Structures are given as structure tokens and as C-alpha cells.
Number of protein chains: 4
Amino acid sequence: MCRFLIFKGRDPILLAHLLTRPEHSIINQSYDSRLRIDQRRPINGDGFGVGYYTTESDPELGDAPCIFCATTPAWNNMNLARLAEKTKSNMVFAHVRASTSGVLSETNCHPFSYHSLMFMHNGQIANFSRIKRKFVDHMGDEYFVHIQGGTDSEWAFALFLDCLSRLGVDPARNVEGTTGFGHEVIRKALEQTISFVREWCNECSQLGDEPSLLNFAVTDGHSVVVTRYITSRTEEAASLHFSTGSKFIEYMPGQYRMERRDRRQDVILVASEPLTFERSDWVTIPTNTVLTINNQTVLLHPIIDEFYQTDLSVPRSSNFAASRGLVSPIVEPQAHTNVHLPPLEREGRRRLSVTA
Amino acid sequence: MCRFLIFKGRDPILLAHLLTRPEHSIINQSYDSRLRIDQRRPINGDGFGVGYYTTESDPELGDAPCIFCATTPAWNNMNLARLAEKTKSNMVFAHVRASTSGVLSETNCHPFSYHSLMFMHNGQIANFSRIKRKFVDHMGDEYFVHIQGGTDSEWAFALFLDCLSRLGVDPARNVEGTTGFGHEVIRKALEQTISFVREWCNECSQLGDEPSLLNFAVTDGHSVVVTRYITSRTEEAASLHFSTGSKFIEYMPGQYRMERRDRRQDVILVASEPLTFERSDWVTIPTNTVLTINNQTVLLHPIIDEFYQTDLSVPRSSNFAASRGLVSPIVEPQAHTNVHLPPLEREGRRRLSVTA
Amino acid sequence: MCRFLIFKGRDPILLAHLLTRPEHSIINQSYDSRLRIDQRRPINGDGFGVGYYTTESDPELGDAPCIFCATTPAWNNMNLARLAEKTKSNMVFAHVRASTSGVLSETNCHPFSYHSLMFMHNGQIANFSRIKRKFVDHMGDEYFVHIQGGTDSEWAFALFLDCLSRLGVDPARNVEGTTGFGHEVIRKALEQTISFVREWCNECSQLGDEPSLLNFAVTDGHSVVVTRYITSRTEEAASLHFSTGSKFIEYMPGQYRMERRDRRQDVILVASEPLTFERSDWVTIPTNTVLTINNQTVLLHPIIDEFYQTDLSVPRSSNFAASRGLVSPIVEPQAHTNVHLPPLEREGRRRLSVTA
Amino acid sequence: MCRFLIFKGRDPILLAHLLTRPEHSIINQSYDSRLRIDQRRPINGDGFGVGYYTTESDPELGDAPCIFCATTPAWNNMNLARLAEKTKSNMVFAHVRASTSGVLSETNCHPFSYHSLMFMHNGQIANFSRIKRKFVDHMGDEYFVHIQGGTDSEWAFALFLDCLSRLGVDPARNVEGTTGFGHEVIRKALEQTISFVREWCNECSQLGDEPSLLNFAVTDGHSVVVTRYITSRTEEAASLHFSTGSKFIEYMPGQYRMERRDRRQDVILVASEPLTFERSDWVTIPTNTVLTINNQTVLLHPIIDEFYQTDLSVPRSSNFAASRGLVSPIVEPQAHTNVHLPPLEREGRRRLSVTA
């Protein structure tokens, strides 16, 4: 079980407002496992990482993200606590990890980066060791030899870089002072990444295999592309939500909510679990969907393959994702029980594009 | 919240049988926090330590315990996992820690040691910073300057060494090849340690102060002395249990029980939480009691001061200890609900001596 | 043996230019120990710390420094390498440590901080355990209980805070948006700190004692006060140098020099070892001197007590400091051998004030 | 630059006698880098590992080695210091590492293990990224998917396991209570491993490539096979020595020598640098030779391929190995200058078998 969080803001935010101060930040989520109903991996105490881009455009600072990671529990890392109080950024990725494949090691910590690009994964490629060789055979040497650790996630990132490269974009290109690679080509490369993994899993599948959970997030510091995906027609993917508004504010110590003064999306959050206790702050991203952030605007597109359900009235079960600790315990139960709130999960599965 | 475990056996045990293999080992307890009803510090992911004495008497190996500790979570420490599969001992202390005072640091990891002596603490000295200076003023330089870290527990150990020294026993004496310092003098020094802390807490007390939780364990490799103590007449101390039998066996993978073929106490376990799911394996040590292990025999003595309840029918509340996550969730609820089992908690508070 | 470095600049500098890129940065010094002639502790692989103040005045960022430290070797810390490439500051402290007292632990890493104040130490209080109790007896509880680790350096910082407090300045005062506490009172408190340590060492001295090496550095983010001090009339203190100029520039990869276009001191560096190979970039601070930086101006004052040498023609030996690895190997030998360069060491001992 | 050490004794040895107490142990070598003449990587502060087999044959302890490794410097690891004082073994591998390929991570620490087998490497496969894919293509899935980290050494171990498997031996076979796989088949598999690496390096070679340094060591707990090898006709391999005798004794604190009361080889040491300052204790293993230990007997065989020099009077240069810090500074210079001692290096290159 992992958790991730993405922030993109018109104004920079103090990292502490995302990571350490909210009572329900991903770090405190990982600490306060009572809120979870995981059946196997209840605690995200296996390491964490945060990556951010510097706010000023300064050639000396370059275009690459700054990544800080550790294998000790996030809630007790004094360096993280201090850096979070002293660092602001417009674009932040954060990841808390419970090891599923790959031993505990800083080389296995998300986010992974490659020049200006940053990548993280929440989930698991099923039977990864069975298809690992297909990754090698498919990939160019440049990305294959770049792999340092042993996780399925890092291999998926290498595959993404390979896909991007075959689309004619050099992932090593310096994007400092530009608007980046553009969200379309990043999205295309990420969709291809999923497509290859899906295909290879199919080729090597055996009776009784579990599905793969492929919630990926990638950014070049400008655009963000995130997937909520599972190789199953009947199960939900790991939970994923987003929230937009004009400001993310702390109205009481440790208590945050999204302020919406108008329809502007000055602040966009994407998270495996809601960061606020306000049910209405969060929209659930439908299973097998790709979310794109471009210029503070959120777009949703379906990922249409054999695992896509055109008939959205057919329910998916969250049993599998829940068994992996990958279902957020707060929003979704309410969505099913609280008649006063709009059924955002199902609504979300219907509307495929949200624009400001 | 911390947890501790003590093993003393006529035969050595593979550490894995205590630490890593039992589904309800203190390490898995710390991992699997779903079982807990803590209200503040649900996860013991802040470091751990294990100390053991080598089985052979060998002058080259000496009389000091071997201590292995780390600040990363115990459940993910590969060194611990490997050492536990390859190491046997007759006398083991293990401790899993959630920081209450003292930052996360190897110098703050239990067990602490001094020559042949080993010490650990489950609980917290209330308002320690208010009485810290009294420790300095009371203590001889030798033990004061030996303190490396910042925890109340390490200061309590230094005070214990000072008490032992004033009782005429040099804590640095080599006990290799002997039967150690003897359980009486160790018990006396530990009781004095508690007495000093209690007195200083009283002197500095302010309205509304919380009680101090002083579950201490100390050994010289031969005798073991453990306290379950609280500076309160109305609250229970942090939970503490013991189990004796002829063998601690794994009857199914991960499932252990205490075998009792006769009344021998070849195996003695003391633990803040039961290691087995067998209710009848465990006896609850009454609050404000000192347990002594001498020659595979368990003795219980009351600690009689203003916090002792002579009338055992007056109940203590476990609210405070529970709020600190210091109540084992398994045995005690059953003790109140299961009529088929003898009410060991209350029984325990009556009989003050258990002998084989 | 430790090393430290102080940067104060009118413009912020990328930390990498101080820490990781210069071939002779303190981190590479610690790595490349061939340059050293230490006799006991040749490698500074025992941990490091860097503290810096954020460049913008922003109430949300506060007045406290951001400190990043680790117990793994600095030259292999990927987090440090990445942060150094992405962080700029006008005021930086950096410290590389080889343990002399106090075990390896993050709580023993310099710089230490307290609200806006930051402190580091290069050297060692001789026979610290003999005078540790005098620290306790002298100090107010507030600073005594704040101590987390076991080093003489952290106790010296607590003593400094106590001195500052007794001079009528609350060390916890928020100095955000102000010019800080003022360099005079900080210097006075630091001189008193040295005076107390000197006095206590004298009181507890025994025949054959080594001298204490007290190179301290303290800042509130505005003024900097640094001492080069030893409790000896005949030995040199641990080496300490400074360099001023208009810019610290990388003229070739890894090669830096101080540019001096005019007499402005836009950049001030203080370091236990020169960071550049240009002999003329560096002025040696005389033994038993305090250096103050105020408004980009360097001031030197003698510390006059029984260890001060009024007759500067009487040489001091560097044997003791060298035996602790505390003599920079590059500048000082040249100072004695190179007739073309002014003899800055001796010159430095004469002129007691350097102003822009 | 790395260093390794192998101990095989008729009687178990306290690990401290190998690792922490000798002034010239591999850990103190790594600390005390003044003795070295490395030109690039002078300090082995990047992690270490020690692996040993338990002394008793006990089914509960199994046939696998116990491995303890860390990414912090060995000289400051308190767990290692304590374990070394409390652990004895007949068969020990130890490794101190300076990263050349693969980032600092516990997954990159030697020795690597697989069931009863343990492996370490001193040196570097040149241009590993160019031939990495050939490893994948050649290897069976079982060993390919077992790789966790990013070092050439771990890939070489996987290749060795694959070779062993193709020789009809299942590397996962339980050898508890047996005499292991036998030294012949282990030697054959290791020679094949070298042969494959050599061949692939040849296929991908480019003008100006550096040679590969392949000092490998492998054991099943019974036999030991070690190579000293380089893919060059003109350069020496990384240094490697052995010493045999009746006892390895500490004649003064920190000073060790090999006692030889008769011609028995009760103690066999193989080390990249001599552990004692006695020149005559050590025999240099000739370049491109495989050393085998079987039943306390040392055997040497040449590795005959295009890099073997039949004419031993043709000298090899140690420039390349020295530039990597892979030449022991003590024995070899003496070998060339000290006329009173037999020229063991050249002698060693002639006699291909040393038996008791």
C-alpha cells in the first residue's frame, strides 16, 4: 500500500501545508492507520519521498525537480519536518510507501526522476517477475541501464521514458524557461506505458492472477498526467481523488479545507486519499481514467480497452483494492451511505471532462 | 507507546521464535496496529532494540549482552530478520519504541546496557524535564556522564546504576562465570529507583499532572527484575503479563502456544502484550508489583507506597494507560467477558508469589 | 576532527557552490583525506549538517534556519546533493563531523539551533565529563532540559543561550523582519561562554590535561560571531580562516576563487580550511580571537585572558591541534615557506580589526 | 575501491579479531586511508557487509549464512562493533565498499547471498551498462528476477548462480548437514562466470576501454573459491593475498600475526590487503588465478585464456589497479625492495598449488 499526493498551484504553497501540518496529510494518514481498513499492509512506514520544482525560473537552479526521500518513517523524519516548513513550490509530488516489491532502499523511493521529469506509482504490477524480461526486450538501452533499484514502479518509469522517446521527444531535453513537453505527448506516452504493461500481463497471465493496479503520475514541472487504472473489468482501481479551488486554507490548526470563491482552479490537488474531511471538496476519479492538468485546468479522459466499462451502471467491487489497502476509507463509504451528498463516484464515472 | 518482551529459558531459543515469526510478536504487533485501540500513538515504528546474552560461558565472549538496535521500523529491518534466524539465547530483552520523549536516535533505543546489565522501560516519567535536575543532583558522576541520549528511560537506568552502586555492588563488576549480582539486590535497587522517581515527581507535582508509568525491566544475564508500576491509586499501569511452561512451540506457521507438560517453568516470558492468542497462557501482573525471575522461578512482590491499593476489590481504571496505547487489547477485555476462564487479573492481584 | 564553513553574502548563493561542487569543499575535504596530516581521526565520515536561512523575508517561512543533517557520509548523501543544487541562501553554516565525544547520532549533528539561532563547534572541550555537572549547576532549566544529545558542543550551545538570556535577551524572541539581536550582545554572550568553560576547565584541571579547543560559530541570521580559541598559551587553536571579496566564482569546473573587483565585502567566507587553492584569498584568524560579521563587514577582536599572548613574536606550536586533525594543511605550510606572500598568520595576529 | 576478507578456520574465531580489533583490519584500513595511495576513491566509507555461517550444525539454524550490512561507515557502526564481540564463526566473508557502480543502498551491499551461497566482488566490470543486456539474455528467469539492486557485482552473482544451475547443481539445494556442493563444481561455475563476462566485454569493447577487475569470492559454507583476475595481459589485477597457519593471534593490543607451529593450515585468510604487518605472513596470489579452499587446504589454479601470461618473467604494471585504489600498499612495495624476504609475488606466480 502506498499513497500519493500531487499539488499544482498558481501560487506556491509551503510544503508543510501539504505534508506535515494537515491532520489528514498523507504522512499522518500513514501514521494514523486506525482510519484504514487494510487487510495486509496497514502501515506506510517503509519510506517516503517528496519532489518539487523551485518557484523561480533561474538557469542556475535548472529544470529538474528537487527530490528528498528517506527509508525511515516520514512522521519521524526531522529533516523532512524542517524542510517542509522552509520550502515553497507550485508543483509538488509526494509519496509514502509500503513495500510490495523491491526491498526498503532509497533507490526504491518514489518519486523517481529523469532530468525534468518526475514519476510515481501507487499500486502494483501483478506477477512482475514474470514480465520483467519483456521490459528489457522492449526498452532502449538508455532507459534500461538507468534503472537502479528493484521495483516494478521504476521499471514502469523507464518504460514511460522509452515511450516518450519513441514519440519523438527526448526525455533529457532541457525544458527550463519553456512550458515543458506539452500535456498531450506526456499523456500519450503514459497511455502507451499502460498499454504495454496490460499487453504483457495478458500474454503471461495464468488462471487466478490478480489484476495490476496502475495509478501512475508524471510531470515535467508544467503539465501533470495521472492515471487511475486496473487490469480488470469488475474491480475498482486504487482510490484516487482530486480537488480544485481558489485556496487551500487551514481554518483551524491541522484542519484544512478547499476554498472556492469562484470557479477558478488556482489550486489543484490529486490524492489517493482526501486531505480534508470535507466530503464535498473531493471528486473521485473514475476507474480507468487519465487526468491531465494543463494551465490550472483539469481534464479527464477514459482509457478505453478491454477493461473499460462502457455501461457505468455496472458496479465494480472494491474488494481487491481494499485488500491491498488501496481504498481511501473516508470518501467512498460516505458516497454509498450519505444520501445528502451527490454520488460523486458514480457521477465522476459519467462526466469525462472537468474544465474550469 | 512502547512494547517490551523478556524471554528466559532453560534452553536457548531462536530469536525468530520471539521476534519475527509469531504473528503476534512485538514486531508484528507494532506493524499490525489494527489490533490496538491507542488514541495517540498508534504505531511503534520509531525504532527497536534487542539484547541477548550468548549461550556458552566463554571468557572471550564476556558477560555483556549483545545489543542490536535501529531507528528504522523493526518489521522492515533485514539485518534483524537475518540475525533472528541465526541467533539463539537463553535470555532475551526486546523493545519496540514509539517516541514520547527523546528524538528518534539510536542513542535513545532500548535496551540500554552497562557492562553485564541491561535495562528497558515501557512508559513515561511525567513532566520529566521538571525533575531532570534532581537526577543530576542525586547521581554520582560516573553514571551521570555515562548518559548519551535524551530519554527519561536512559536517566532512569543511570539512577538504577547509582542505586545499585550505593547498595555496595559495583555495576561494572565482571560477572562472567558467576551467577550474577543476585536477584535481591537488583530488586532492591530497582525499587529504590522507583521510589526516587515517585518522590521527585511528588515534589514537583502540579495540579492536573499525569501519573508516571514505570514498567522497568533489568537483568544481569542471570536474574530478571521487572516492575509494573504507576504513580496513581486509581489508574492501571501499562499492561504487563507473564507466561510460564515447558516449551514455547509453533503449532502452526506463525501460531505459537505455551506447552505445559508439568509444573516446570523451563520457559518464562514477560511481555507488555501476550505473544499468543491463548488467553490461558498468560497471567496479568498486578499494577504496582515487581516480578523477579530467579533460577527459572517467578516471584511477585507488591510495591507498597501511597499508590498501593490494599483493597484489591477497588477497581483501577485503564483509561490513562489506554490513552497512551499501553493497554494490551487482547487479554484484558477477554478477562472481563469470558466467564469460562479464571479471572487472572484479579487473581493475580491477590497472590503475590508464583513458584514452580 | 571536524570542519566548518560559514557563508554570508549580499546575494544568495547556490549551496552547491559551497558544499558539493568545489573540489576543496568541506565535503570533498572530508572525502579526500589524502590532503590531511591527521594523526588520529583522518576521515570526517561521521555525519554532517547544513543550516541556512531562507532568502525572502516571509512571515510564513519564519525566522528560524532550515537545518538538514545526516549520520551517513556527506559525500554520498543524495538528498544533500540534490538540495544543494536547488537551494540558495545569503547565510549558510555547514559542518562535517568526526566524533570525538558523543556517539554518531542525528541529535549530535551540528549546527544546533534554537528558534532563530544556529550554533556549531569545531574542537573539543577537554575532559568534558569532569565539568559536565558545572554546566548543569550554572544553567537555567530552560536550556538544560532542551539538550537532546551527548556532545560537549550541544552543552556549550545551551550555555551560550543561558549567557544570552542573562544579558537580557530572550533567545526565543522572534526576529523575523528585524535585524536580529545585534552583533555586540551575541559576541558578549559567546565570550562569556568561553570564559565559563575556561574557568571550569581550570577548576577541574589535572596535571597533563590537554587544552580545550573552542572554535565556536553562532548566528541569528543577521550577525555572525566566530571564535578561534584554545586554553593554552603555547599551542595554536584549530585552524580558522576567512576570505572576503565581491564574488565567489567557479573559473573552471570544481575550481573556485574569490573575485575582488573593489574593496567591497559582498561575499564573506569563514572556514576551518580554505575552500580555494589560492593562498592569497585567505586570511588566517589569529589564535584566541573573535571574528564578527555585521553588515558584510568583518571585525576581529582579541580574547584577552591568561591564554592571550601579547607578545606576538612568541610562536605557538601547532602540534596539538595537528594531532587532532585540526590544522588546515594547505595555507599554513605555505605561509611559513613562501616568501613571496605576506606572512598572513603572523600579520593576522597583529592587526585586530579588518574593515571594508 | 573495495576491500574484502575471507576467514576459514578449523576452530571458530571471534569476529572482532577479524573486523574491529586489528589495527589493520579491513574496517580500519577503510578508516585509516593514509596508508593508501588511491588516486580516485580514497575512502571506503560507503557501506560494508559481513556474512558468516553459524558454528553448530543445527537444523533450526539452517544452512544459509547470516548477513549483516549497512550503508553507514563500518568504523562507526555500533551494531557491528557489538555483534563482532559476541559472534564466532568458522567461515566469514567481510566486505567494505566504495561505490563505483550502483548507488549507496543496502541492496548493493556485499556479500550477496542465495540460500547457502554467499558471494562478493572486489573490482569493477568495465562498461557494465554496455553488456548488461547480455546478462539478461543469457540468464534464466529465476536468477534474473532475483536481482534487487543496481551493481555489476550482483549481476555477476546472478550469472554465477545460472552457471551453477546449468552444471546440474540447484543453487537452492539445502546443504545443511552435508559437505556442500563440492569445490570443483563451484570453481567451474566461477570460471565460467568469468569467461562469460570476458567474452561479453570483448564483444562490446571499444578503443581505449579499461580492463575489468574480477576478484570474486564465493562459498557454500564449506568450500571457498576466490579469483584474482583482470581482462588484460599487461596490468595486474586488484591485489589479493592469503595467509595460512595454526592460529591467528593478537600478540599486542591491535597487533596480530599468524602463528605457524607446524605445516597445518588450521586458519586460512584471504584478503585484498594483508591484515598483519608481518610481510612473511602473506602470499600474493598471482594475477589471473583461482584459489580454492577445501578441507583447510589451499589450491591455486591458473585461469588460462588470452589474458594469461605463460611467461611469468614478463612483468605486469599495477598502474591501473592502483588508480582504482585496488593495490595493497604494504606487502607489494616490500616485495620489490626487501631482499631478505623471498619474492613471494613472483614465486606465487610460479607454483600453482599450495598444500599443507
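It should be emphasised that the depicted structure is a prediction, and the values quoted were computed from it without experimental measurement. (Residues numbered from 1 in each chain as written. Chains lettered and ligands numbered in written order. Predicted model: local features only at pLDDT ≥ 70, side-chain atom pairs only at ≥ 80, totals over all residues. Heavy atoms only, no water.)

Enquirer: Which parts of the structure should I look at to understand helix α7 (residues 183–203) of chain A?
Expert: Since there are 3.6 residues in each turn of an α-helix, residues three or four apart along the chain are aligned in direction. Under the 1.5 Å per step criterion, the end-to-end length of α7 of chain A is 30 Å for 21 residues, consistent within 8% with the ideal 30 Å. Listed as buried for α7 of chain A are H183, V185, I186, R187, A189, L190, T193, I194, V197, R198, W200 and C201 of chain A. (Helix = DSSP H or I, 4+ residues; strand = E, 2+ residues; numbered from the N terminus. Expected span 1.5 Å × (residues − 1). Buried < 20%, exposed > 50% of the residue type's maximum accessible area, 1.4 Å probe, protein only.)

Enquirer: Explain the interface of chain A and chain C to me, please; I cannot follow it from the model alone.
Expert: Where the parts come together, the accessible area they lose is often given as the size of the interface. Of the residues lining the interface, 23 residues belong to chain A; the matching set on chain C comes to 23 residues. Both faces considered, chain A and chain C share a buried interface measuring about 2000 Å² in area, 50% of it formed by carbon and sulfur atoms. Together, E60, L61 and K86 of chain A form the three largest contributors to the area buried by chain A at its contact with chain C, with a combined 32%. Run the count over chain A and chain C and you get four salt bridges. Across the chain A-chain C interface, the total number found is 14 residue pairs in polar contact (both at pLDDT 80 or more). Listed by contribution, the elements that provide at least two residues to the side of chain A that touches chain C are β3 (66–70) and α3 (78–86) of chain A. Per-element accounting of the side of chain A that touches chain C gives the leading share, five residues, to α3 of chain A. Split by residue class, the side of chain A that touches chain C holds 10 nonpolar, five polar and eight charged. (Contact = heavy atoms within 4.5 Å. Buried area = accessible area lost by both parts, 1.4 Å probe. Salt bridge = Lys/Arg side-chain N within 4 Å of Asp/Glu carboxyl O. Polar contact = N/O pair within 3.5 Å; in protein donor to acceptor, adjacent residues only side chain to side chain. Nonpolar A, V, L, I, M, F, W, Y, C, P; charged D, E, K, R; others polar.)

Enquirer: Help me out: how do you make sense of the relation of the copies chain A and chain C in this one?
Expert: Relating one copy of the chain to the other takes a rotation about an axis and a shift parallel to that axis. Least-squares fitting of chain A to chain C yields an RMSD of 0.0 Å, with the superposition described by an axial translation of 0.0 Å and a rotation of 180 degrees. Read as a symmetry element, the transformation amounts to a two-fold axis. Comparing interface residues between copies, 100% of those in chain A also sit at the interface in chain C, which points to an isologous, same-surface contact. (Least-squares fit on C-alpha atoms with pLDDT ≥ 70 in both.)

Enquirer: It is not clear to me how the pattern of salt bridges should be interpreted in this structure. Could you clarify?
Expert: Close approach of charged atoms allows side chains of opposite charge to pair. All names here are of chain C. Enumeration over the complete set of coordinates arrives at 68 salt bridges over all chains. Note that E250 is salt-bridged to R21, the shortest N-O span being 3.9 Å. Taken together, the positions of E250 in strand β10 (residues 247–252) and R21 in the loop between α1 (15–19) and α2 (26–31) put the pair 229 residues apart, joining distant regions of the chain. For E250, a relative accessible area of 31% gives the class partly exposed. You can call R21 partly exposed: its relative accessible area is 30%. With its nearest N and O atoms 3.2 Å apart, the salt bridge here joins E191 to R187. In this pair, E191 and R187 are both assigned in helix α7 (residues 183–203), four residues apart and thus about one turn of the helix distant.

Enquirer: I would appreciate a short explanation of the sheet that holds strand β8 (residues 224–228) of chain C in the present structure.
Expert: Each strand in a sheet pairs with another by means of backbone hydrogen bonds, the pair being arranged parallel or else antiparallel. Residues and elements named next belong to chain C. Judged by pairing direction, the sheet is antiparallel, and its six strands sit side by side in the order β5-β6-β7-β8-β14-β15 without closing on themselves. The sheet terminates laterally at β5 (112–114) and β15 (297–302), the two strands that pair on one side only. Across the sheet, the mean angle separating the axes of adjacent strands is 20 degrees when strand polarity is ignored. As paired elements, strand β7 (residues 213–219) and β8 share three bridges and run antiparallel to each other. Counterpart to T219 in the pairing with β8 is V224. In the packing of helix α6 (residues 152–166) onto the sheet, the strands contacted are β5, β6 (117–124) and β7, and the crossing angle to β6 comes to about 130 degrees. Running at roughly 155 degrees to β7, α7 makes contact with β6, β7, β8, β14 (289–294) and β15 of the sheet. (Pairing = 2+ DSSP bridges. Axes fitted to C-alpha atoms, helices over the stretch in contact; angles between N-to-C directions.)

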